[in-house]
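What follows is each chain in one-letter form.
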Amino acid sequence: QVQLVESGGGLVQAGGSLKLSCAASGSISSMYVMGWYRQAPGKQRELVAHISTITTYYRDSVKGRFTISRDYARNTMYLQMNNLKLEDTGVYYCNAALVEYTYWGQGTQVTVSS
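All figures in this text were calculated on a predicted structure; none of them were measured in a lab.

## Considering the environment of Val 110
Phase 1: Tracing the backbone through its elements, the reader meets Val 110 in strand 11 (residues 108-113).
Phase 2: C-alpha separation for the pair Val 110 and Gly 8, spaced 102 residues apart in sequence, amounts to 8.6 Å.

## Examining the nonpolar core
Phase 1: By size, the foremost hydrophobic cluster in this structure holds 28 residues, and its most contacted members are Trp 36, Phe 66, Leu 79, Met 81 and Tyr 92.
Phase 2: Looking at this core, the elements that each hand over two or more residues are strand 3 (18-24), strand 4 (33-39), strand 5 (46-51), strand 7 (66-71), strand 8 (76-81), strand 9 (90-98) and strand 11.
Phase 3: It is strand 3 that contributes the most residues to this core, four residues altogether.

## Structural notes on the packing of aromatic side chains
Phase 1: Tallying each qualifying case throughout the model produces two aromatic pairs.
Phase 2: Seen from their ring centres, Tyr 32 and Tyr 103 are 6.4 Å apart, and the 40 degrees between their planes marks the pair as tilted. Here Tyr 32, found in the loop between strand 3 and strand 4, pairs with Tyr 103, found in strand 10 (residues 101-104); they are 71 residues apart in sequence, far enough to count as distant.

## Points about the state of the cysteines
Linking two cysteines covalently through their sulfur atoms gives a disulfide.
Phase 1: A complete count under the given rule lists one disulfide for this structure.
Phase 2: Disulfide pairing places Cys 22 opposite Cys 94 at an S-S distance of 1.9 Å. Of note, the bridge from Cys 22 to Cys 94 carries an S-S torsion of about -75 degrees and is left-handed in sense. Of the two residues, Cys 22 sits in strand 3 while Cys 94 sits in strand 9, which places them 72 residues apart along the sequence.
Phase 3: Overall, Cys 22 belongs to the buried group, its relative accessible area being 1%.
Phase 4: The class of Cys 94 is buried, set by a relative accessible area of 0%.

## A word on the environment of Glu 87
Phase 1: You can see Glu 87 is positioned in the loop between strand 8 and strand 9.
Phase 2: Each C-alpha atom of the pair Glu 87 and Ser 61 lies 9.3 Å from the other, and the pair is 26 residues apart in sequence.

Basis of the calculations
- Residues numbered from 1 in each chain as written.
- Predicted model: local features only at pLDDT ≥ 70, side-chain atom pairs only at ≥ 80, totals over all residues.
- Heavy atoms only, no water.
- Helix = DSSP H or I, 4+ residues; strand = E, 2+ residues; numbered from the N terminus.
- Core = buried A, V, L, I, M, F, W, Y, C linked by side-chain atoms within 4.5 Å.
- Buried < 20%, exposed > 50% of the residue type's maximum accessible area, 1.4 Å probe, protein only.
- Phe/Tyr/Trp six-rings, centres within 6.5 Å; stacked < 30°, edge-to-face > 60°.
- Disulfide = S-S within 2.5 Å.

Structural data, given as structure tokens:
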């Protein structure tokens, strides 16, 4: 029922910034954990960051550079990415989960060049 659509990806130089957005087609309860995952070619999908009502998590490699947030009025989640590195390249996916309900977006490509 719920659909997630990512946007904001693109090509940037190392050291640059991008802001990703994930828009939900329906209202997302605050009880859902929402997060960003990414997958580089030939690599496993990995959790980048997630946010709930009680905690925020970032993988070590993005701490201090990325910020995850939610806007309930616009039913949207964001990922502000600063000081991008070559290793940040990949397809970024939006996720929302609560018990048996799990939703994924189609992904948005982020490419960081030197």
